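Observations on the model geometry
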Amino acid sequence: MPTKVSVSPDQVAAVLAPLGELRGMAPLSGGMFASAYRVCLATGSGETADVFLKVTDSDWTRFLTYERGLPGTEARIDRDLAGSGAPVPRVLLEDRSRRHLPGDAVATTFIPGAMWQGLDLPRPVLRGVRRELGAVMAAVHRVGGPCFGYPAPEAGLAADTWPEAFSRMVEAVLDDAERWDVNLPAGRVRRVVDRHEDALAAVTAPVVVHHDLWPGNVLLDADHHIAGITDTERALWGDPLLDLVGHDQFGTFDVDADLLAGDAAAGGGLAVDLASTTGSTRFALGRLYYSLILATEVTVRGYTGPSADRHESTARRNLALALARLEAS
């Protein structure tokens, strides 16, 4: 992948020296953005410990605007969520000096488990996992933020209100698309965002939104309970309904009932928000935003092949559906 970097054991040993002595490392598969490694370290107590290391390229050429500064976001959000009940790893080290690595690094505790994506779970078990994920979302959304938008100052996508932040976020993707000659219906997008400013204004309190809680970022233990969630790097402060979009990134407007039930049982308000007078509009705006990203990133990343074609065609179909719904409401 164009945004991934390769690192040597010597480089990893140097950057993780404050945590312990390198005993071994292995690359982890699954991610499409950063490079990830499971690293075994010998600690000062004479024992060994596994650490999760993520390295993000320092060359932002193939980053979208909202992706600038993602390692800092991941470290900040993981720290903010500590103690919330959301099963995030503990941040052990953050290195953005680029003295040892060709990029920015975050090291966290390693959460053992199997990635939910790809597991063939019986329907009753699957329903249970979805309910648990709803409870995780409730825990995440109980943590507030200082403003709206993306935490990283490098992205420049934060604001005092949700309508202003959301407009900046959409404009950033449209600007990225124009820079890379990606054809998007920019005029129609801007008009529906402006048209539904009042619905966006209903969100008055910024909360942490993971925004990427699809099954590839959820780890399950041997009993198929959620052991941890990963990749908080794309998190933002905003409308909690965006987590329903981020969970089902290539979906349209259906929301899993078990997810909502799990959230409600844990004290969350997703079902109430969704059923409110602005809920369906806010959800459609979230689908619009996510589809813009998905349709644009194929070109920016340089993805090719049948899977990239399906990725883009599905994103464009969902973009068209979101636009039609927002224009009709």
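An account of the accompanying structure is given in this report. These figures come from a predicted structure and were not determined experimentally.

Conventions used here
Residues numbered from 1 in each chain as written. Predicted model: local features only at pLDDT ≥ 70, side-chain atom pairs only at ≥ 80, totals over all residues. Heavy atoms only, no water. Salt bridge = Lys/Arg side-chain N within 4 Å of Asp/Glu carboxyl O. Helix = DSSP H or I, 4+ residues; strand = E, 2+ residues; numbered from the N terminus. Buried < 20%, exposed > 50% of the residue type's maximum accessible area, 1.4 Å probe, protein only. Core = buried A, V, L, I, M, F, W, Y, C linked by side-chain atoms within 4.5 Å. Contact = heavy atoms within 4.5 Å. Axes fitted to C-alpha atoms, helices over the stretch in contact; angles between N-to-C directions. Parallel < 35°, antiparallel > 145°, perpendicular 65-115°, else oblique. Left-handed = near helix turned anticlockwise from the far one by under 90°. Nonpolar A, V, L, I, M, F, W, Y, C, P; charged D, E, K, R; others polar. Phe/Tyr/Trp six-rings, centres within 6.5 Å; stacked < 30°, edge-to-face > 60°. Lys NZ or Arg CZ within 6 Å of the ring centre and 35° of its normal. Expected span 1.5 Å × (residues − 1). Pairing = 2+ DSSP bridges.

Here we look at the pattern of salt bridges
Counting across every chain of the model gives 22 salt bridges. Ionic pairing is found between R79 and E94, a salt bridge with its closest N-O pair at 3.2 Å. On the criterion of sequence distance, the pair formed by R79 in helix α2 (residues 70-81) and E94 in strand β4 (residues 91-95) is long-range, its members being 15 residues apart. Under the relative-accessibility criterion, R79 is labelled partly exposed at 43%. Residues R98 and D104 are paired through a salt bridge, measuring 2.8 Å at the closest nitrogen-oxygen approach.

Topic: the nonpolar core
Within the largest apolar cluster, 74 residues are counted, with the highest numbers of intra-cluster contacts made by L133, W162, F166, V193, L288, Y289 and L292. Ranked by the residues each element gives to this core, the list is headed by helix α10 (residues 279-301), at 11 residues. Apart from the residues within four sequence positions on either side, Y289 is in contact with Y66, Y150, F166, M169, V170, V173 and H211.

Observations regarding the environment of G246
For G246, the location among the structural elements is in helix α7 (residues 242-247). Judged by its relative accessible area of 0%, G246 falls in the buried class. A C-alpha to C-alpha distance of 19 Å links G246 and A199, two positions 47 residues apart in sequence. Not counting residues within four places of it along the chain, the set of residues in contact with G246 comprises H211, D212, L213, W214 and Y290.

A short note on the packing of helix α5 (residues 186-195) against α10
In contact at an axis separation of 11 Å, α5 and α10 are set at 150° when each is read in the N-to-C sense. Relative to α10, the element α5 lies roughly antiparallel. The element α5 and its partner α10 pack so that their crossing is left-handed. Along its contact with α5, which presents V189, V192 and V193, the element α10 presents L285, L288 and L292. The residue inventory of the contact of α5 with α10, partitioned by class, reads six nonpolar, no polar and no charged.

Regarding the packing of aromatic side chains
For the coordinates displayed, the defined rule picks out five aromatic pairs. Within the aromatic cluster, the residues linked to one another by ring pairs are F148, W162, F166 and Y289. Residue placement shows R325 over the ring face of F253; its charged tip is 3.8 Å from the ring centre.

Structural notes on helix α3 (residues 123-141)
Taking 1.5 Å of rise per residue, the 19 residues of α3 would be expected to cover 27 Å, and the 27 Å separating its terminal C-alpha atoms lies within 8% of that figure. Burial in α3 covers these residues: L126, V129, L133, G134, V136, M137, A138, A139, V140 and H141.

A few points about the environment of G238
For G238, the position within the fold is in strand β12 (residues 236-238). Separated by 43 residues in sequence, G238 and T281 have C-alpha atoms that sit 15 Å apart. Filtering out sequence-adjacent residues up to four positions away, G238 remains in contact with F148, W162, V203, A205, P206, V207 and V209.

A word on the sheet that holds strand β11 (residues 226-229)
The three strands are arranged β6-β10-β11 in an open sheet whose pairing can be described as antiparallel. If you trace the sheet from one side to the other, it starts and ends with β6 (114-115) and β11, each paired once. Of the pairings in the sheet, the one linking strand β10 (residues 218-220) to β11 comprises three bridges and is antiparallel in character. Note that in β11 the partner of L219 across the bridge is G228. Sitting on the sheet, α3 is in contact with β10 and β11, with an inclination near 45° to β11.

Notes on the pairing of strand β5 (residues 103-109)
The buried fraction of β5 amounts to six of the seven residues, a majority that puts the element mostly inside the structure. Bridge count for strand β3 (residues 48-57) against β5 is seven bridges, and the pairing is antiparallel. Looking across to β5, one finds that F52 is bridged to T108. Note that β4 and β5 share four bridges and pair antiparallel. When the sheet's bridge partners are listed, L93 is paired in β5 with A107.

Some details on the sheet that holds β5
Overall, antiparallel pairing links the five strands, which are arranged β1-β2-β3-β5-β4 in an open sheet. Two strands close off the open sheet at either side, each with one partner strand: β1 (21-28) and β4. Pairwise comparison of adjacent strand axes, ignoring direction, gives a mean angle of 25° for this sheet.

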